[in-house]
Amino acid sequence: MNQMKISFTCFLIFIFHLSTFGFPLKAENRVAEKIQIDRNLFRPFSEAIHSIQYDMLGKDKGKSRVRMIDKNTLHVTLTFSLQETLRQDDWQLTVAPAFAPSFHWAPHLTPTDNHIIDQHVFRSPALIMADTEQVIVLIPDLNILQKDVPVRWYLDLNAETNTLSLGMSNSSVAEHVLFHREAGAEYPQGEIEIGFYLMRYTDEATLKNPFRKPLDFLWSRWGREFYKAGNPICGGLESYVKHTYNWAFDTWGKSVWQEFELNGKKVGAPTFIVNVTQSPNFPGEINEREFRSVWNQAWFSSLRSASGLYRYARRTGNSALLEKANLTKELALAFPQKNGFFPGLIAAEMHEVEIAGKKYNRSKGWNHFYWGNSNRNPYAWNPRESPFHILDMSWTALLMLRWYDELENDKRLLKYAENYANALLGIQYPNGFFPAWLDAHTMKPMQHLNDSPETSMSVTFLLKLYELTQKEEYKNAALKAMEAVIENVVPEGRWEDFETYWSCSRYGSDNLVGKKVARNNMYKQNNFSMFWTAEALLECYRATSNEKFLELGQRTLDELLMTQASWQPPYMYVNVLGGFGVLNADGEWNDSRQSLFAELILQYGKLLNKPEYTQRGFAALKAAFVMMYCPQNPQTKKQWEKVYPFFGPEDYGFTMENYGHGGRTSPEGEGMGEFTIYDWGNGAAAEAYNRILDKFGKIE
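Residues numbered from 1 in each chain as written. Predicted model: local features only at pLDDT ≥ 70, side-chain atom pairs only at ≥ 80, totals over all residues. Heavy atoms only, no water.

Caption draft 1: Broad picture of the pairing of strand β21 (residues 345-348). Neither face of β21 is left uncovered, since the one carrying L345 and A347 and the one carrying I346 and A348 both have all their residues buried. In this sheet, β21 lies alongside strand β20 (residues 293-295) in antiparallel orientation, the contact comprising three bridges. Directly across from W295, in β21, lies its bridge partner L345. In terms of strand pairing, β21 meets strand β24 (residues 369-372) through four bridges, oriented antiparallel. Each bridged residue has a counterpart across the sheet, and for A347 the counterpart in β24 is Y370. (Buried < 20%, exposed > 50% of the residue type's maximum accessible area, 1.4 Å probe, protein only. Helix = DSSP H or I, 4+ residues; strand = E, 2+ residues; numbered from the N terminus. Pairing = 2+ DSSP bridges.)

Printed below as a string of structure tokens:
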């Protein structure tokens, strides 16, 4: 079947497909329209674009407009004038490159032809293809999408057919979280508009870092203005921090704060998780969501939160809060070491109680405690049986070193961390990587993720220990590990870690580990390991002054920033600018990791003198407080009260870890969640604020 295609050498031809029901669309009744273009104006794109084709909307072939934004950027809009309401299941525009890309990037996975990248995950929406000579980027026109379009937009990238797509269709959420194209889209009478930007670059800097130009474009065109207008938060953050500590240690204190004795020593920390049934305003019985516990793990780190509490107490002269911070430090030091390695959590036994014929999950108390490890792993859901996780231990040991270096000279912290480091060096593989998990009984490495970017966390830890001790063996091991990640992970975007497959998004855990999704030529990715690697590369640069580490660090940081919200969609009912997603197969906005990422973004901004990074870093910090229930967040407060009308002043500070996790939001409160993890929510956000305030002097 012959098709007319757009030729940028002489003119542009847009091809229309007529189809009002069903998909894939039929190629019947095709109509071609020409747009006369000055060949000299569009000559650079003739080397990059083979064709652009799009479907009719009903019987309307639409009107197109193409204009040059700059020598690297085209802006294309299509307008359809419908005479009556139209039902059409799918509309799609397809761009076919004129070269064979070796690199592909999209914000979400589409493993089959029925999968699409729904607008729900348009945080920094772009499709990228590249080879060794050129990079092309497609970015949807967010000005149009901000008008609250009648049918949901989507993107798609098919590496197998070498096409980029922008479309409109209904969708459903499948797996956790992928999106399927669905029938039933309806367009009202009147004008329907859709558009996109098409970019092409051949310079060496963009070939090395294909993320920088799209990020700059998105921030300069949308993000900067939203930020200046007060999104995600307008005003200071001190009141949010006060809400956090009042919530944790006063109004919700009976449920949150845990204080007990271990080996005759008093210890304490906020519990891992609480839910809305533990609110003092909840009209029913308490039903604990998960086992009562305190974690020192890559997500939920009681020691990290305690360091923030320590900074706050020191700044405000609050001796009661300082005591609580020190009790949590004592708890971290009480975690027993086994040949240098140590567990990631302490938990209390749980049981069911029956009240008025209903069963509720409750704790037996800290007299019934046990040590364990994170159950987010490929081996065991029971924390008692879960293996030791190198990532968790390296993170906790790094936090001990930072406490020792920045807060107080408690030599027990240095000794504990160095004891672990010596054990860590003993299990480094000859190729430089560190194993991911150790069997809880034999302490031998297990089979998953033994060449993953989780190794980057150990790099940062060992370099910090080298800084404090000047022992060369720590630096040498760190640099060897970094080279392994640089060679085997960064170029292909193999951002696989524990969260990629063994948290809530289990898609691919049975058949994708270590493999790309063929249709997208991408791995299932998690931005957590991008963060660890960008941080490790920065520390390698600081330790060696080798520009290679800084260049790769910025590239990795920019890949991380592709998962940050660069605008405010109208279908998000809380502020989201600066907030982060998680995976290319999940639905979160405003995820709590943004509080962890914020300082690193600011550090790169300071080092590279880049205002965009500075704004993005502060936006990430502010976004960490957006999900808090309090008067300072009127939009969020309204959403919370639609879901939990019993919330009141005693609940100020309650903070869900993210928004829209299930792939959908609504004005009625869909996407708000029902729990707070202090160490991955309000406590983590407060820690980031206190740390950044201490290091940068002010929050802009």
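Caption draft 2: Molecular detail of the pattern of salt bridges. Under the defined criterion, the tally for this structure stands at 46 salt bridges. When salt bridges that share partners are traced, they join R304, R311, R314, E406, E599, E687, R691, D694 and K695 into one network. (Salt bridge = Lys/Arg side-chain N within 4 Å of Asp/Glu carboxyl O.)

Caption draft 3: Structural view of helix α10 (residues 411-425). Taking 1.5 Å as the rise per residue, α10 with 15 residues should run 21 Å; its terminal C-alpha atoms sit 21 Å apart, in good agreement. By the burial criterion, the buried members of α10 are L413, L414, Y416, A417, E418, Y420, A421, A423 and L424. On its buried face, α10 sits against α8 (319-334), α9 (390-406), α11 (455-469) and α12 (472-488). (Expected span 1.5 Å × (residues − 1). Contact = heavy atoms within 4.5 Å.)

Caption draft 4: Spotlight on the nonpolar core. Core analysis: the biggest nonpolar cluster contains 234 residues, and W91, Y187, F341, F461 and F625 have the highest contact counts within it. Of all the elements, α9 adds the most residues to this core, at eleven residues. Among residues more than four places away in sequence, those in contact with F625 are I233, L237, Y240, V241, N633, A685, A686 and Y689. (Core = buried A, V, L, I, M, F, W, Y, C linked by side-chain atoms within 4.5 Å.)

Caption draft 5: Here's a closer look at the packing of α9 against α10. Interaxial distance between α9 and α10 falls to 9 Å at its minimum, and their mutual angle equals 150°. Viewed along their axes, α9 and α10 form a crossing whose handedness is left-handed. Taking contact as the criterion, the partners of I390, M393, S394, A397, M400, L401, W403 and Y404 in α9 are, on α10, K411, L413, L414, Y416, A417, Y420 and L424. Taken together, the residues of the contact of α9 with α10 break down into 13 nonpolar, one polar and one charged. (Axes fitted to C-alpha atoms, helices over the stretch in contact; angles between N-to-C directions. Left-handed = near helix turned anticlockwise from the far one by under 90°. Nonpolar A, V, L, I, M, F, W, Y, C, P; charged D, E, K, R; others polar.)

Caption draft 6: Spotlight on the pairing of strand β7 (residues 90-97). Most of β7 is tucked away: seven of the eight residues are buried. Here five bridges tie strand β3 (residues 49-54) to β7, and the two strands are oriented antiparallel to one another. Across the sheet, residue Q53 finds its bridge partner in β7, namely T94. Of the strand pairs in this sheet, β7 and strand β13 (residues 163-174) are connected by six bridges, and their pairing is antiparallel. Across the sheet, the residue bridging to T94 is S165, located in β13.

Caption draft 7: Representation of α12. Here α12 is 17 residues long and its end C-alpha atoms lie 25 Å apart, about the 24 Å a rise of 1.5 Å per residue gives. Of all the residues in α12, the buried ones are Y474, K475, A477, A478, L479, A481, M482, A484, V485 and I486. The elements touched by buried residues of α12 are α10, α11, α14 (527-544) and α15 (547-561).

Caption draft 8: Local environment of the side chain of T94. Checked against the element boundaries, T94 lands in strand β7. At 3.1 Å, the side chain of T94 forms a polar contact with the side chain of Q92. Here T94 is in contact with S51, I52, Q53, T163, L164 and S165, once residues within four sequence places are set aside. (Polar contact = N/O pair within 3.5 Å; in protein donor to acceptor, adjacent residues only side chain to side chain.)

Caption draft 9: Just unusual backbone geometry, in detail. Looking along the chain, the bond that leaves H176 and enters V177 is cis, with omega of -5°. Looking at the element boundaries, V177 is found in the loop between β13 and β14 (178-182). Omega for the peptide link from N231 to P232 comes to 15°, which places this bond in the cis form. For P232, the location among the structural elements is in the loop between α4 (212-228) and α5 (238-251). Of note in the backbone geometry, E175 takes a positive phi value of approximately 45° without being a glycine. Within the secondary structure, E175 is located in the loop between β13 and β14. Residue E175 is classed as partly exposed on the basis of its relative accessible area of 42%.

Caption draft 10: Looking closely at empty space enclosed by the protein. Taken as a whole and assessed by the stated rule, the structure comprises four cavities of 30 Å³ or more. Around the largest cavity, the lining is made up of 16 residues, and of these W105, P107, T563, L583 and N584 lie nearest the centre. Of the residues in the lining of the largest cavity, the class split is eight nonpolar, seven polar and one charged. Its volume calculated, the second largest cavity comes out at about 40 Å³. (1 Å grid on protein atoms, 1.4 Å probe; cavity = no way out; pocket = protein on both sides within 12 Å on 5 of 7 lines; lining within 4 Å. Points joined across faces, edges and corners; volume = space filled by probe spheres on them.)

Caption draft 11: View of the environment of T396. The residue T396 is located in helix α9 in this model. In this structure T396 comes out as buried when scored by relative accessible area, which is 2%. Sequence spacing of T396 and L303 is 93 residues, and the spatial spacing of their C-alpha atoms is 7.3 Å. Excluding residues within four positions of it along the chain, T396 makes contact with N296, Q297, L303 and F342.

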